[in-house]
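These are the residues of each chain, in order.
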Amino acid sequence: MSEYYEYWLMNYKEVISPSMMCRKLKKIRREKKTIRSSQSATERAQNLRCEYWEKVKNIDPNNLVFLDEMGVLLG
């Protein structure tokens with residue numbers, strides 16, 4: 001929690017309580033999750049998405065491999 005607090009002070013230049021910082025961080029996360037690309041609703045993007053699903057709809061699920069890269073350290 002103290003790392004977030006120090007980060008907040010350096011970037012936003014305001015002193016806030018830990019509970020207020022928590023609320024603001026939650027709000028920022030919500031905003032980031034709702035941001036959509038301006039290109040995602042274009043006709044071209046929709047056509048590409050449909051073409052992709054047409055290609056993959058007949059793939060046997062037993063032939064799929066999923067990689068979880070959430071814990072990968074790139075540094």
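Rules and cut-offs
- Residues numbered from 1 in each chain as written.
- Predicted model: local features only at pLDDT ≥ 70, side-chain atom pairs only at ≥ 80, totals over all residues.
- Heavy atoms only, no water.
- Helix = DSSP H or I, 4+ residues; strand = E, 2+ residues; numbered from the N terminus.
- Buried < 20%, exposed > 50% of the residue type's maximum accessible area, 1.4 Å probe, protein only.
- Areas by Shrake-Rupley, 256 points an atom, 1.4 Å probe, with all protein chains shown as cover.
- Patch = residues over 30% accessible without salt bridge, like charges linked within 9 Å, V, L, I, M, F, W, Y side chains within 5 Å.
- Salt bridge = Lys/Arg side-chain N within 4 Å of Asp/Glu carboxyl O.
- Phe/Tyr/Trp six-rings, centres within 6.5 Å; stacked < 30°, edge-to-face > 60°.
- pLDDT = per-residue confidence, 0-100.
- Contact = heavy atoms within 4.5 Å.

**Examining the overall build of the chain**
Within the chain, the regular secondary structure consists of 3 helices and 0 strands. Along the chain, from the amino end to the carboxyl end, the secondary structure elements read α-α-α. The buried share of the chain, reckoned over its 75 residues, is 7%. Summing over all exposed atoms, the chain offers an accessible surface of approximately 7600 Å²; the carbon and sulfur share of this is 56%.

**Observations concerning a nonpolar patch on the surface**
On the surface, I59, L64 and F66 cluster together into a nonpolar patch covering about 320 Å² of accessible area. Structurally, I59 can be placed in the segment after α3 (43–56). Looking at I59, the relative accessible area reads 38%, which means it is partly exposed.

**Some remarks on the packing of aromatic side chains**
Considering all chains together, one arrives at 1 aromatic pair under this definition. Between Y52 and W53, the aromatic rings sit 5.3 Å apart at their centres with planes inclined by 75°, giving edge-to-face as the arrangement.

**Description of the environment of M21**
With respect to the helices and strands, the residue M21 is situated in helix α2 (residues 18–34). Looking at M21, the relative accessible area reads 1%, which means it is buried.

**Thoughts on the confidence of the model for the chain**
The predicted model of the chain has a mean per-residue pLDDT of 77, with 80% of residues at 70 or higher. Of all the helices and strands in the chain, α2 carries the lowest mean pLDDT, 71, while α3 carries the highest, 89.

**So, the environment of Y5**
Take Y5: it is sitting in helix α1 (residues 2–12). In sequence terms Y5 and I16 are 11 residues apart; their C-alpha atoms lie 8.5 Å from each other. Apart from the residues within four sequence positions on either side, Y5 is in contact with V15, I16 and M21.

**Thoughts on the pattern of salt bridges**
When the charged atoms of two side chains with opposite charge come close together, those side chains can pair. Inspection of every chain in the model, using the stated rule, returns 1 salt bridge. The salt bridge partner of K57 is E54, with a shortest N-O separation of 3.2 Å.

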